[in-house]
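# Geometric and topological summary
This is what each chain is made of:
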Amino acid sequence: MNEKIDRVIEMNVESCRYSKLSFLWWLLALFILHGCASAPPRNNPVPEALGDSVQVHGIPYARSWSDVPPPFVKDWYDWPDEKIRERFGGIMNKEHTYLAISGGGDNGAFGAGLLTGWTREGSRPEFTLVTGISTGGLIAPFAFLGPKYDPVLKEMYTSYSTKDLLRERKLRNTFRNDSAFDTARLRAVIAKYMTQEVMEEIAAEFRKGRGLLIGTTNLDAARPVMWHVGPIAASGAPGSLDLIRDIMLASASIPGAFPPVVFEVEKDGIRYEEMHVDGGVTSQVFVYPLGIDIDILKKRIKTKSTPRLYVIRNAVLDPEWQMVERRILPILGRTVSSLIRTQGIGDLYRIYWGCVHDGVEFNLAYIPDDIEYTPQELFDREYMSAVFERGRSMGEAGYPWAKEPPVIDGSPAKRPK
């Protein structure tokens, strides 16, 4: 999901095929022709009654709803000290630092650049927990594994353009399918970087007690899901690597533009299918569900000092004035970009007040509003390179993290002096 839809709104239908507005155009066309179109069949979707109990690949704790506390967290409150040490020994008696990376499409180049610059600046910590949604879900595994993977982040966000990641479906095929683009190329790029070696490194860090979460949206439930990548990586279950790749792809699958990702799940020996799309449909950024008793966990894990949270919002927060033409595409584009921007700000406030309640230090980074280059396509390599470089230079100079989200009137977020 991306905030710059309105910047390419003036393109005509032919030229907007690869623009940030394309998914809106295709959604409109599909809606108009819905009565005469056929769609891919659903194979045994999960019944509502089983939504909380189906499992993926037989892996316990592979995922949970991210709008309620995971049920297994309550077990941590009551575990004996020996079991706590066994599960969280690597992060006990240490400072805890969390990183949350938001959605933002090609603007993810900012977060990738900021992390790279932060490494060069010298104060980038090892994160106890890393979460990512949409483009943030593509960055999160490599941010989790640390500076060693900075070159991967740079390559991911400065080396590819639309044609390298997507294949446009012909109009007649779109009406009979579930999206305007085929994402096989994007999945191949994900597979290039999410390797067996990377998965094993994630598993090793999970065994120390560190956490890596990636968010998607379960379309049938219309609820956010957080995938616990560490347990999946450490499970040894067949297909775990492909599952992680699918999670990353699903997290970034803009509905209508990209096809949903289908996950095979099971209950009592019967197989069902779930359909997941971009995590940004339900949340632009997340850390952990409100309702978890952080005070208990801090005491049990013996957290040293106040935990710190760093949120990277891959978006411009300030509203941009624009005269909108009285035509359907400009109206739709402006509406969706406004919804995404305000949803993201709402998520930041939710996280901020959660930090206030839980005694966690809040830090926010976001894209400055003076980026001059305007993207010319869905994934514009020149634009992403410029945004990456801006994030890198700001990180290397020592980013002035904001301590609060922006105020309601649209003023910039308050920055520390």
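All of these numbers come straight from a predicted model, not from anything done at the bench.

Further remarks concern the overall build of the protein. Scanning the protein from N- to C-terminus turns up 15 helices and twelve strands. Counting over 417 residues, the protein shows a buried share of 57%. Here the contacts in the protein between residues at least 6 apart in sequence split such that 79% fall between residues at least 24 apart. Total accessible area on the protein is roughly 18,400 Å²; 54% of this is exposed by carbon and sulfur atoms.

This model, assessed by the stated rule, comprises four cavities of 30 Å³ or more. Roughly 70 Å³ of volume is contained in the second largest cavity. Taken together, Val 287, Tyr 288, Leu 290, Leu 309, Arg 350, Ile 351, Gly 354, Cys 355 and Asp 358 make up the lining of the second largest cavity. Each residue belonging to the lining of the second largest cavity can be placed in one class, and the counts come to six nonpolar, one polar and two charged.

The next point concerns the layout of surface pockets. Empty space within the largest pocket amounts to approximately 930 Å³. Lining the largest pocket are 43 residues, and of these Phe 72, Trp 76, Arg 87, Phe 88 and Gly 209 lie nearest its centre. Residues of the lining of the largest pocket, tallied by class, amount to 26 nonpolar, ten polar and seven charged.

Our focus in this paragraph is the pattern of salt bridges. In this structure the tally under the stated criterion is 24 salt bridges. Its salt-bridge partner being Arg 63, residue Glu 274 comes within 2.7 Å of it at the nearest N-O pair. Pair noted here: Glu 274 is in strand S10 (residues 270-278) and Arg 63 is in strand S2 (residues 63-65), with a separation of 211 residues, a long-range link. Note on accessibility: Glu 274 and Arg 63 belong to one class, buried. Put simply, Arg 327 and Glu 325 hold a salt bridge, and the shortest N to O gap is 2.8 Å. Classification of Arg 327 as partly exposed rests on a relative accessible area of 37%. What you see here is one network of salt bridges that share partners, running through Arg 120, Glu 389, Arg 392 and Glu 396.

Inspection of the secondary structure assignment puts Val 229 in helix H11 (residues 229-234). Judged by relative accessible area, which is 1%, Val 229 ranks as buried. As for Val 229 and Ile 214, which are separated by 15 residues in sequence, their C-alpha atoms are 7.2 Å apart. The residues contacting Val 229, other than those within four sequence positions of it, are Ile 202, Leu 212, Ile 214 and Ile 244.

If you look at the biggest cluster of nonpolar residues, it comprises 115 residues, and the most contacted ones within it are Leu 99, Leu 115, Phe 142, Ile 202, Leu 309 and Val 311. For Leu 99, the contacting residues outside a window of four places in its chain are Leu 115, Phe 127, Leu 129, Val 130, Thr 131, Ala 143, Leu 309, Tyr 310 and Ile 312.

It is worth spelling out the confidence of the model for the protein at this point. Taken residue by residue, the protein gives an average pLDDT of 86. The fraction at 70 or more is 86%. Ignoring residues within four places in sequence, the model shows residues 1-26, a span with pLDDT below 50, making 90 contacts including any to other chains. Residue range residues 29-37 is modelled with pLDDT below 50. Its contacts to residues more than four positions away, or to other chains, number five contacts.

Right, let's get into the side chain of Asn 218. When you line up the elements, Asn 218 lands in strand S7 (residues 211-218). Once residues lying within four places of it in the same chain are set aside, the contact partners of Asn 218 are Trp 65, Arg 223, Val 225, Glu 274, Met 275 and His 276.

We now examine helix H9 (residues 184-193). The periodicity of an α-helix, 3.6 residues per turn, causes residues three or four places apart in sequence to face the same way. Turning to H9, its buried residues number three or more, namely Leu 186, Val 189, Ile 190, Ala 191 and Tyr 193. Where the residues of H9 are buried, they touch helix H5 (135-145), helix H6 (150-158), helix H7 (162-165), helix H10 (196-207) and helix H12 (240-251).

Turning our attention to the packing of H5 against H10. It is the contact of H5 with H10, at a shortest axis distance of 10 Å, that shows an interaxial angle of 60 degrees. Comparing their axes, H10 and H5 come out oblique. The element H5 and its partner H10 pack so that their crossing is left-handed. Contact residues: H5 offers Pro 141, Phe 142, Phe 144 and Leu 145, while H10 offers Val 198, Glu 201, Ile 202 and Glu 205.

Turning next to the packing of aromatic side chains. Each aromatic ring pair is characterised by the separation of its centres together with the angle its planes make. Here the structure, examined in full by the defined rule, presents 14 aromatic pairs. Both rings, one in Trp 227 and one in Phe 263, keep their centres 4.7 Å apart while their planes meet at 35 degrees; by these two values the pair is tilted. In this pair, Trp 227 sits in strand S8 (residues 223-228) while Phe 263 sits in strand S9 (residues 261-267), placing the two residues 36 residues apart along the sequence. The residues Trp 227 and Phe 263 share a single accessibility class, namely buried. Each residue in the set Tyr 61, Phe 72, Trp 76, Trp 79 and Phe 88 is aromatic and connected to the rest through ring pairs, giving one cluster. Arg 210 extends its terminal NZ or CZ atom over the ring of Phe 144, reaching a point 4.1 Å from the ring centre. A cation over a ring is seen here: Arg 223 above Trp 65, with NZ or CZ 4.1 Å from the ring centre.

Reading the values: rules and limits
Residues numbered from 1 in each chain as written. Predicted model: local features only at pLDDT ≥ 70, side-chain atom pairs only at ≥ 80, totals over all residues. Heavy atoms only, no water. Helix = DSSP H or I, 4+ residues; strand = E, 2+ residues; numbered from the N terminus. Buried < 20%, exposed > 50% of the residue type's maximum accessible area, 1.4 Å probe, protein only. Contact = heavy atoms within 4.5 Å. Areas by Shrake-Rupley, 256 points an atom, 1.4 Å probe, with all protein chains shown as cover. 1 Å grid on protein atoms, 1.4 Å probe; cavity = no way out; pocket = protein on both sides within 12 Å on 5 of 7 lines; lining within 4 Å. Points joined across faces, edges and corners; volume = space filled by probe spheres on them. Nonpolar A, V, L, I, M, F, W, Y, C, P; charged D, E, K, R; others polar. Salt bridge = Lys/Arg side-chain N within 4 Å of Asp/Glu carboxyl O. Core = buried A, V, L, I, M, F, W, Y, C linked by side-chain atoms within 4.5 Å. pLDDT = per-residue confidence, 0-100. Axes fitted to C-alpha atoms, helices over the stretch in contact; angles between N-to-C directions. Parallel < 35°, antiparallel > 145°, perpendicular 65-115°, else oblique. Left-handed = near helix turned anticlockwise from the far one by under 90°. Phe/Tyr/Trp six-rings, centres within 6.5 Å; stacked < 30°, edge-to-face > 60°. Lys NZ or Arg CZ within 6 Å of the ring centre and 35° of its normal.

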